[in-house]
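Descriptive analysis of the structure
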Amino acid sequence: MGADWSAFATRAWPLGTTIRRQPAVFNGMLYVLCTGCPWRDMHERYRKWNSVYVRFRRWAE
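**Some words on the packing of helix α2 (residues 22–35) against helix α3 (residues 49–60)**
Direction vectors running N to C along α2 and α3 enclose 85 degrees, while the axes themselves pass 10 Å from each other. Taken together, α2 and α3 sit at an angle that is classed as roughly perpendicular. For the pair formed by α2 and α3, the contact residues are Q22, V25, F26, G28, M29 and L33 on the first element and V52, R55, F56 and W59 on the second. Partitioning the contact of α2 with α3 into residue classes produces seven nonpolar, two polar and one charged.

Rendered as structure tokens:
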């Protein structure tokens, strides 16, 4: 992971969260937002759709 991702991740997720798995989660969020597909149709490479959705809802609050 690059320096840009580390700078973003420290602001986007609380301390103690494993940053190693977060790029896939964030990319899953972008995939749904950019394509307009339902969360349930999100590609599996971005982790489980429900996990990404819950993370998105928490982050959006």
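**Section: unusual backbone geometry**
Although it is not a glycine, R47 adopts a positive phi angle of roughly 85 degrees. With respect to the helices and strands, the residue R47 is situated in the loop between α2 and α3. R47 sits in the partly exposed class, given a relative accessible area of 32%.

**Brief notes about the confidence of the model for the protein**
Residue-level pLDDT values for the protein average 79, and 66% of them are 70 or greater. Ranking the elements of the protein by mean pLDDT puts helix α1 (residues 3–12) last, at 66, and α2 first, at 87.

The rules behind these values
- Residues numbered from 1 in each chain as written.
- Predicted model: local features only at pLDDT ≥ 70, side-chain atom pairs only at ≥ 80, totals over all residues.
- Heavy atoms only, no water.
- Axes fitted to C-alpha atoms, helices over the stretch in contact; angles between N-to-C directions.
- Helix = DSSP H or I, 4+ residues; strand = E, 2+ residues; numbered from the N terminus.
- Parallel < 35°, antiparallel > 145°, perpendicular 65-115°, else oblique.
- Contact = heavy atoms within 4.5 Å.
- Nonpolar A, V, L, I, M, F, W, Y, C, P; charged D, E, K, R; others polar.
- Buried < 20%, exposed > 50% of the residue type's maximum accessible area, 1.4 Å probe, protein only.
- pLDDT = per-residue confidence, 0-100.

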